[in-house]
Amino acid sequence: MEAIWILVVIFSFVITISAINNKHELKKRKLEAALRMQEMAQGIKPGTYSRMKRKDRREDRHRQRSTVVTEEPTQEDWERENNRTQLKKGIADLQQRLDNIETIMNSRKGRTNGEDEKE
């Protein structure tokens, strides 16, 4: 009978510890989700800061100190600029086509008007 009470105490202790641990993990997940939502609201890619652990931050600081900081265009900036140049080229091409269509229409009008005058 004494062994049963010992087992009950041990199992209740384990269950209590796991419940506290689960509660702590839930709180941690909620905090990370709030941080990601704040990052998204600020326009930062989600997970940029929330995924960094202390060790990663230390390594990142060390890299920043050891390397010269130069502002290089990121992939997103390059894609945005590339899209902008492609749009400008497309607009210029469409404008040239419209000009060609206008000259063709004007020449056809001239021919029809010229034929009417001959008759």
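What you see is a predicted model; the values in this text were computed from it and never measured.

Participant: Kindly report on helix H1 (residues 2–42), identifying the contributing residues and their values.
Facilitator: Helix length check: H1, at 41 residues, gives a terminal C-alpha distance of 61 Å against a target of 60 Å (1.5 Å per residue), a fit within 8%. Note on H1: the residue one or two positions beyond its end, Gly 43, has a positive phi of about 90°.

Participant: How would you sum up the pattern of salt bridges? Please name residues and give values.
Facilitator: Under the definition given, this model contains two salt bridges. Put simply, Glu 81 and Arg 84 hold a salt bridge, and the shortest N to O gap is 3.2 Å. Remark: Arg 84 and Glu 81 occur in helix H3 (residues 75–118); sequence separation between them is three residues, near one turn of the helix. Judged by relative accessible area, which is 40%, Arg 84 ranks as partly exposed.

Participant: Kindly report on the confidence of the model for the protein chain, identifying the contributing residues and their values.
Facilitator: Confidence in the prediction of the protein chain, expressed as mean pLDDT, is 80, and 71% of residues score 70 or more. Within the protein chain, helix H2 (residues 54–66) has the poorest average pLDDT of any element, 65, and H1 the best, 92.

Cut-offs used in this document
Along each chain, numbering runs from 1 in the same order as the chain's sequence is written. For this predicted model, a pLDDT threshold of at least 70 governs which residues receive local features, and a threshold of 80 or more governs which side-chain atom pairs are given and counted, while totals over whole chains, interfaces and linings are taken from all residues. To get the side-chain values, all heavy atoms of the structure are used, and hydrogens and water are removed first. Strands are runs of DSSP state E lasting at least 2 residues, helices are runs of H or I lasting at least 4, and numbering of each runs from the N terminus. To estimate how far a helix should extend, the number of its residues minus one is multiplied by 1.5 Å. Take a side-chain nitrogen of Lys or Arg and a carboxyl oxygen of Asp or Glu: if they are within 4 Å of each other, that pair is a salt bridge. Exposure is judged per residue with a 1.4 Å probe applied to protein chains only, and the accessible area is read against the type maximum: over 50% gives exposed, under 20% gives buried, and values in between give partly exposed. On a scale of 0 to 100, pLDDT captures the predictor's confidence in every residue.

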